[in-house]
Amino acid sequence: MASSATSQAPRPPDDGPGATARTSGGRTEKTAQPPGRDARLDNAKFILIALVVVGHAIQPLTGYGPAGALYYWIYFFHMPAFILISGYLSRSFDASSNRVEKLVLSLGVPYLLFWTAHQTIYTVQRGGLPDTLSVLKPTWTLWFLVALFLWRLSVPVWQRLRWPVAIAVAVSVFGATSSLGETLSMGRVVSFLPFFVLGLSLRREHFAYLDRLWVRLCSVLVLGVTALLAIPISDRLSRDWLFWRASLTDRDIDPLLPSIGIRLAFMGLALVMTIAMLALTPKRRTWYTSLGAYTLFVYLGHSVFLLLLKNTPWYDVVSGPVGLSVTVSLALALILLLCTPWVRAGMRWAVEPQATWFLRQDGKGLAGKGTGAGRQAAAEPERSSV
């Protein structure tokens, strides 16, 4: 799933996230909390990107019962949770020319580069060109970049509406009763829309409710019950309900009833599990807090690695509990590897591209005529949340 394309305050230098110097006894110390960043959200982003990678890594093993149950449990909520956080962190998007330039650079350019990488792997794998070479058809994980691009462009519209969440739910549910096809992953764009709009509607004070003891106790119960629920569901329910990509007309049941009821039930389940996950996420800084700023590197990088891995005998060799344990461990190691400074330095040209090679330098680019400030702003990629 999808995957850090949501903006927060700019990340400070590498000497520590948001570290600021202060003098105490002649020494320079660092403050513990970076200004403008929320440790809970950075922690949640890292946890969710870990679930994304683990889910993608174990997908070929889901014929084994525990792997299938874990896969379903992850897919109940991990992308809705990521999208809700993305919406919350997109509240400042105002569709100005500078913002749009940064959006193109932080999402559009990486999309084209990794789409090309994916298609190259597919071509080698199949021994010929893929069925389509349209860049309007996202490959595998890249649907999220397209969806986030479109959602963020629509932010000013949702912020003007009186009942944005209710309208987004109506658009999502009734829009899914029509066949939307695979172009621009419109099925997922429409289906996941309520979670993005809900994130837009949240304010910092809403997160204070997560710290109440009864909320945390209920959250443990929710995640435990849904883990048990995933066991029978993984054997009986189609994965199409988890992916949110296919129209309700593409199922073997009536697209109105019970399909709409099932869609609303999954929407409610994802929301409750998202709240539970956020309530149990530490709000203090942890060893992985700073890594939450690099989820786009993990989201884009792991897709290439796993596509290559699936073309090896790995999944023909591993199976059962040992195979599941080793594959999960490999996924977690891959996450940490992609967060290392030297790997990020090697990927930065593709994940956080600069404007110098993509935008016009004659002062007539997207930011308008002769605006050096606009070009400078465009050269600074948007920080993202997947």
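Worth saying up front: this structure is predicted, and the values here are computed from it rather than measured.

**Quick look at the overall build of the chain**
Secondary structure summary: the chain contains 16 helices and 4 strands in total. Taken across its 386 residues, the chain has 51% of its residues classed as buried. Accessible area for the chain stands at about 17,500 Å²; split by element, carbon and sulfur atoms hold 64% of it.

**Side note on a nonpolar patch on the surface**
On the surface, V157, L161, W163, I167 and V171 cluster together to form a nonpolar patch covering roughly 450 Å² of accessible area. With respect to the element layout, L161 can be found in the loop between α5 (155-160) and α6 (164-175). Residue L161 is classed as partly exposed on the basis of its relative accessible area of 32%.

**Examining helix α9 (residues 213-236)**
Since one α-helical turn is 3.6 residues long, residues separated by three or four positions face the same way. Spanning 24 residues, α9 covers 35 Å between terminal C-alpha atoms, matching the ideal 34 Å at 1.5 Å per step. At A230, α9 shows its maximal kink, close to 30 degrees; a proline, P232, follows between one and four residues later. Among all positions in α9, only V215, S219, L223, T226, A230, I233 and S234 are buried. Buried-residue contacts for α9 involve α2 (65-88) and α11 (259-280).

**Thoughts on the pattern of salt bridges**
Close approach of charged atoms lets side chains of opposite charge pair. Following the criterion strictly, the structure yields 8 salt bridges and no others. Residues D211 and R40 are paired through a salt bridge, measuring 2.7 Å at the closest nitrogen-oxygen approach. Here the residue D211 occupies a position in the loop between α8 (193-201) and α9, and R40 occupies one in helix α1 (residues 39-58), the gap between them amounting to 171 residues. Residue classification places D211 among the partly exposed positions, given a relative accessible area of 27%. Note that D211 is salt-bridged to R216, the shortest N-O span being 3.3 Å. Here R216 falls in the partly exposed class, since its relative accessible area comes to 31%. Connected through shared salt-bridge partners, R40, D211, R216 and K283 make up one network.

**Side note on the packing of helix α12 (residues 295-309) against helix α15 (residues 341-351)**
Direction vectors running N to C along α12 and α15 enclose 85 degrees, while the axes themselves pass 11 Å from each other. Regarding the angle of α12 to α15, the classification is roughly perpendicular. Taken together, the residues of α15 that come into contact with α12 (itself represented by L296, F297, L300 and G301) are R344, M347, R348 and V351. Per-class residue counts for the contact of α12 with α15 are 5 nonpolar, 1 polar and 2 charged.

**Focus on the nonpolar core**
Ranked by size, the top nonpolar core spans 102 residues in total, and within it W73, F76, F77 and W151 carry the most contacts. Looking at this core, the element that brings in the most residues is α2, giving 15 residues. Residues in contact with F77, not counting those within four places in the same chain, are L48, L51, A270, M273, T274 and M277.

**What to know about unusual backbone geometry**
Of all residues except glycine, most have a negative phi; of all peptide bonds, most are trans. Residue A95 is not a glycine yet carries a positive backbone phi of 65 degrees. With respect to the helices and strands, A95 occurs in the loop between α2 and α3 (97-126). Of note, W140 is a non-glycine position whose phi angle comes to about 40 degrees, a positive value. Locating W140 in the fold gives a position in the loop between α3 and α4 (143-153). For W140, a relative accessible area of 27% corresponds to the partly exposed category.

**Thoughts on the packing of aromatic side chains**
Per the stated rule, a full pass over the model turns up 17 aromatic pairs. With 4.9 Å between their ring centres and 70 degrees between their planes, Y88 and F207 make a pair best called edge-to-face. Of this pair, Y88 sits in helix α2 while F207 sits in the loop between α8 and α9; the two residues are 119 residues apart in sequence, bridging distant segments of the chain. Accessibility expressed as a relative area gives 3% for Y88, which makes it buried. For F207, a relative accessible area of 9% gives the class buried. Ring centres of W151 and F196 lie 5.5 Å apart, and the angle between their planes is 25 degrees; on these two criteria the pair is classed as stacked. A residue pair is termed long-range when its members are at least 10 positions apart, and W151 in helix α4 and F196 in helix α8 qualify at 45 residues.

Rules used in this analysis
- Residues numbered from 1 in each chain as written.
- Predicted model: local features only at pLDDT ≥ 70, side-chain atom pairs only at ≥ 80, totals over all residues.
- Heavy atoms only, no water.
- Helix = DSSP H or I, 4+ residues; strand = E, 2+ residues; numbered from the N terminus.
- Buried < 20%, exposed > 50% of the residue type's maximum accessible area, 1.4 Å probe, protein only.
- Areas by Shrake-Rupley, 256 points an atom, 1.4 Å probe, with all protein chains shown as cover.
- Patch = residues over 30% accessible without salt bridge, like charges linked within 9 Å, V, L, I, M, F, W, Y side chains within 5 Å.
- Salt bridge = Lys/Arg side-chain N within 4 Å of Asp/Glu carboxyl O.
- Expected span 1.5 Å × (residues − 1).
- Bend = angle between axes of the 7 residues up to and from the residue.
- Contact = heavy atoms within 4.5 Å.
- Axes fitted to C-alpha atoms, helices over the stretch in contact; angles between N-to-C directions.
- Parallel < 35°, antiparallel > 145°, perpendicular 65-115°, else oblique.
- Nonpolar A, V, L, I, M, F, W, Y, C, P; charged D, E, K, R; others polar.
- Core = buried A, V, L, I, M, F, W, Y, C linked by side-chain atoms within 4.5 Å.
- Phe/Tyr/Trp six-rings, centres within 6.5 Å; stacked < 30°, edge-to-face > 60°.

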